[in-house]
Amino acid sequence: MKFYVKLLAATALTMAGANAASAEKWDMPMAYPATNYHSENGAEFAKCVTDGSGGKLEIVTHPGGSLFSGNDIKRAVQTGQAPIGERLLSAHANENPLFGVDSIPFLATSFADSDKLWKAAKDQVAAALDEQNLVFVYSVPWPPQGFYFKKDVNSAADMKGIKFRAYNAATARIAELAGMTPVQIEAAELSQALATGVAEAFISSGSTGVDSKVWESLTHFYDVQAWLPRNSVFVNKDAYNALDDATKTTIMECGAKAAAAGEATAQELSAKYLKTLAENGMKVQGPSDQLKSDLQGFGATMTEEWLKNAGDKGKAIIDAYKAM
Ligand code: PCA
């Protein structure tokens with residue numbers, strides 16, 4: 001009798017061991033703070049995959065650039081140092097202009113238009129990622145982008161000489177066009193850059209302004225609604241191909257849920273962020289007519305430049321978007 005009990009116990013242990021060995025754990029680097037809605041949404045996505053695969057694939061998120069800094073996440077996933085990650089793709093438009101389709105000034109300035117543009121662009125962006133050994137899973141927009149300054153700015157002329165924090169090629173180009181000096185800085189370092197004067201202004205959403213407690217250094221927010229950039233989640237292609245079909249499906253289904261939930265949250269929070277900026281003493285306002293028309297001019301230049309860079313594929317996206 002005793003012998004059988006022991007044997008059963010040993011068998012149970014072996015089986016538990018086998019399960020543990022076949023379960024896989026994926027670390028998922030993310031660049032933005034744990035409390036940001038992108039990161040919270042990513043944690044929900046991770047849980048969805050972990051639960052949905054019955055624990056066969058556990059995804060663990062690492063927000064705040066704690067595992068890889070924002071700028072290193074994409075390369076880390078391409079090379080398999082991380083199996084999955086989230087990144088602001090437009091920061092890599094130098095690799096492929098299609099990654100910058102969401103940062104063309106004044107092309108898509110509302111959540112509804114951002115959705116349309118993404119519908120028009122998604123397959124081509126996914127194909128561009130595929131060429132880089134990446135499998136696209138989902139993307140979620142940031143709220144519309146506006147300017148943060150520490151003085152009244154009523155025209156492009158008022159921007160001259162300012163040290164401007166950039167997060168991608170488009171934001172650096174706006175700085176150049178306005179006669180500012182661009183400095184590339186990740187959101188994780190933004191508060192410190194503003195506090196030390198490395199940067200004196202930037203363009204971003206209310207979300208990042210609130211995350212960075214921007215009112216500690218700056219005073220004005222101009223709600224110009226220039227574009228809605230996206231964070232995208234992608235998987236290393238080899239890691240993806242090594243999964244069984246059921247787990248692949250779970251990832252894609254959880255990704256579809258995350259895309260919808262993340263966007264709904266972004267919309268819901270968008271106005272609240274601006275309210276929080278105002279409650280903390282910032283002057284939140286629309287642009288003057290002069291500033292608006294100066295920015296529209298930069299937008300026209302940058303649209304032309306993007307179309308030239310992105311060629312036929314880019315034109316096809318814009319045409320499809322405009323036809324929607
Ligand atoms: N926040 C990110 C990108 C766009 C946004 O709203 C940032 O400033 O880094």
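Residues numbered from 1 in each chain as written. Predicted model: local features only at pLDDT ≥ 70, side-chain atom pairs only at ≥ 80, totals over all residues. Heavy atoms only, no water.

1. What to know about the confidence of the model for the protein
Consideration 1: Summing up the model confidence of the protein, the mean pLDDT is 94 and the portion of residues at 70 or higher is 93%.
Consideration 2: Within the model, pLDDT remains below 50 along residues 1–21, and this stretch shows 0 contacts once partners closer than five positions in the same chain are excluded. (pLDDT = per-residue confidence, 0-100. Contact = heavy atoms within 4.5 Å.)

2. Considerations on the site of the ligand
Consideration 1: Near the ligand the following residues occur: Y32, L88, W142, Q145, R165, Y167, A187, S204, S205, T208 and P229.
Consideration 2: R165 is positioned such that a nitrogen or oxygen atom in its side chain is 2.8 Å from an oxygen atom of the ligand.
Consideration 3: Protein contacts shield 100% of the accessible area of the ligand, which totals 260 Å² for the unbound molecule.
Consideration 4: Class assignment for the residues of the shell around the ligand results in 6 nonpolar, 4 polar and 1 charged. (Near = heavy atom within 4 Å. Polar contact = N/O pair within 3.5 Å; in protein donor to acceptor, adjacent residues only side chain to side chain. Areas by Shrake-Rupley, 256 points an atom, 1.4 Å probe, with all protein chains shown as cover. Nonpolar A, V, L, I, M, F, W, Y, C, P; charged D, E, K, R; others polar.)

3. Observations concerning the environment of S207
Consideration 1: Within the secondary structure, S207 sits in helix α7 (residues 206–211).
Consideration 2: On the accessibility criterion, S207 (0% relative accessible area) is buried.
Consideration 3: For the pair S207 and Q145, spaced 62 residues apart in sequence, the C-alpha to C-alpha distance is 9.6 Å.
Consideration 4: Excluding residues within four positions of it along the chain, S207 makes contact with N36, Y37, W142, P143 and Y273. (Helix = DSSP H or I, 4+ residues; strand = E, 2+ residues; numbered from the N terminus. Buried < 20%, exposed > 50% of the residue type's maximum accessible area, 1.4 Å probe, protein only.)

4. What about the nonpolar core?
Consideration 1: Counting 98 residues, the largest nonpolar core has W26, F45, I59, F147, F149, M159 and I251 as the members making the most contacts within it.
Consideration 2: The dominant element in this core, judged by the number of residues it contributes, is helix α10 (residues 289–322), at 9 residues.
Consideration 3: In contact with F149, other than residues within four places in its own chain, are M159, I162, M180, E200, A201, L218, T219, H220 and Y222. (Core = buried A, V, L, I, M, F, W, Y, C linked by side-chain atoms within 4.5 Å.)

5. Here's the deal with the sheet that holds strand β4 (residues 134–141)
Consideration 1: If you trace the 3 strands from one edge of the open sheet to the other, you get β3-β10-β4, paired in antiparallel fashion. Looking at strand neighbours, the two that pair on one side only are β3 (84–88) and β4, the edges of this open sheet. Pairs of neighbouring strands in the sheet enclose a mean axial angle of 25 degrees, with direction left out of account.
Consideration 2: Two strands pair when backbone bridges link them, and β4 and strand β10 (residues 230–236) are joined in this way by 7 bridges, in the antiparallel orientation. Bridge assignment links P141 to a residue of β10, and that residue is R230.
Consideration 3: Across the sheet, helix α2 (residues 37–52) is in contact with β3, β4 and β10; its angle to β4 comes to roughly 130 degrees. (Pairing = 2+ DSSP bridges. Axes fitted to C-alpha atoms, helices over the stretch in contact; angles between N-to-C directions.)

6. Re the state of the cysteines
Consideration 1: For the coordinates displayed, the defined rule picks out 1 disulfide.
Consideration 2: The partner cysteine of C48 in its disulfide is C254, sulfur to sulfur 2.1 Å. Because the torsion about its S-S bond is -80 degrees, the bridge between C48 and C254 counts as left-handed. In this pair, C48 is assigned in helix α2 and C254 in helix α9 (residues 245–279), connecting sequence segments 206 residues apart. (Disulfide = S-S within 2.5 Å.)

7. Notes on the packing of helix α5 (residues 169–177) against α10
Consideration 1: Put simply, α5 and α10 touch, their axes get as near as 11 Å, and they point 130 degrees apart. Our classification of the angle between α5 and α10 gives oblique. The handedness of the crossing between α5 and α10 is right-handed. Of the residues in α10, those in contact with A170, R173, I174 and L177 of α5 are F298, T301, M302 and E305.
Consideration 2: Looking at the contact of α5 with α10 residue by residue, the classes come out as 5 nonpolar, 1 polar and 2 charged. (Parallel < 35°, antiparallel > 145°, perpendicular 65-115°, else oblique. Left-handed = near helix turned anticlockwise from the far one by under 90°.)

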